[in-house]
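Here is how the chains run, residue by residue.
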Amino acid sequence: MSDVRHVLVLPDRDAAEEAAQALGERFGLDEEPRLVRDALAGEDDAEDAQWLVVVRDEEERLDPGELDEFAGEWEGWREEP
């Protein structure tokens, strides 16, 4: 088993929460994605932060292209490893 993780970058917390919930429904995930706030150094303002949705894919069954399109529905993208 590998330790593959996909990271989706979303513009705000609401988008990240909606995407995390929809990910499980659309892709049939066994484990709930993790949300992480990512702010630039020294930036405390929530508007300057991006939100990351981290999805474990140990069996490597998720298609990176589909995940990128999925993130695009919330004006986000999939971070390349």
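Values in this document were obtained by computation on a predicted structure and should not be read as measured data.

Caption draft 1: Region of interest: the pairing of strand β1 (residues 5-10). In the sheet, β1 pairs with strand β3 (residues 50-56) via six bridges, with the strands oriented antiparallel. What sits directly across from His6, in β3, is Val55. Direction of pairing for β1 relative to strand β4 (residues 77-79): antiparallel, over a ladder of three bridges. The partner of Leu8 across the bridge, within β4, is Arg78.

Caption draft 2: Highlighting unusual backbone geometry. Its identity as a non-glycine residue notwithstanding, Glu60 has a phi of 50°, on the positive side. Notably, Glu75 is not glycine yet its phi reads approximately 60°, a positive angle. Looking at the element boundaries, Glu75 is found in the loop between α2 (64-72) and β4.

Caption draft 3: Local environment of the environment of Asp57. One can find Asp57 in the loop between β3 and α2. What makes Asp57 buried here is its relative accessible area of 4%. Sequence-wise, Asp57 and His6 are 51 residues apart; in three dimensions their C-alpha atoms are separated by 7.2 Å. Of the polar contacts made by the side chain of Asp57, one reaches the side chain of His6; its length is 3.0 Å.

Rules and cut-offs
- Residues numbered from 1 in each chain as written.
- Predicted model: local features only at pLDDT ≥ 70, side-chain atom pairs only at ≥ 80, totals over all residues.
- Heavy atoms only, no water.
- Pairing = 2+ DSSP bridges.
- Helix = DSSP H or I, 4+ residues; strand = E, 2+ residues; numbered from the N terminus.
- Buried < 20%, exposed > 50% of the residue type's maximum accessible area, 1.4 Å probe, protein only.
- Polar contact = N/O pair within 3.5 Å; in protein donor to acceptor, adjacent residues only side chain to side chain.

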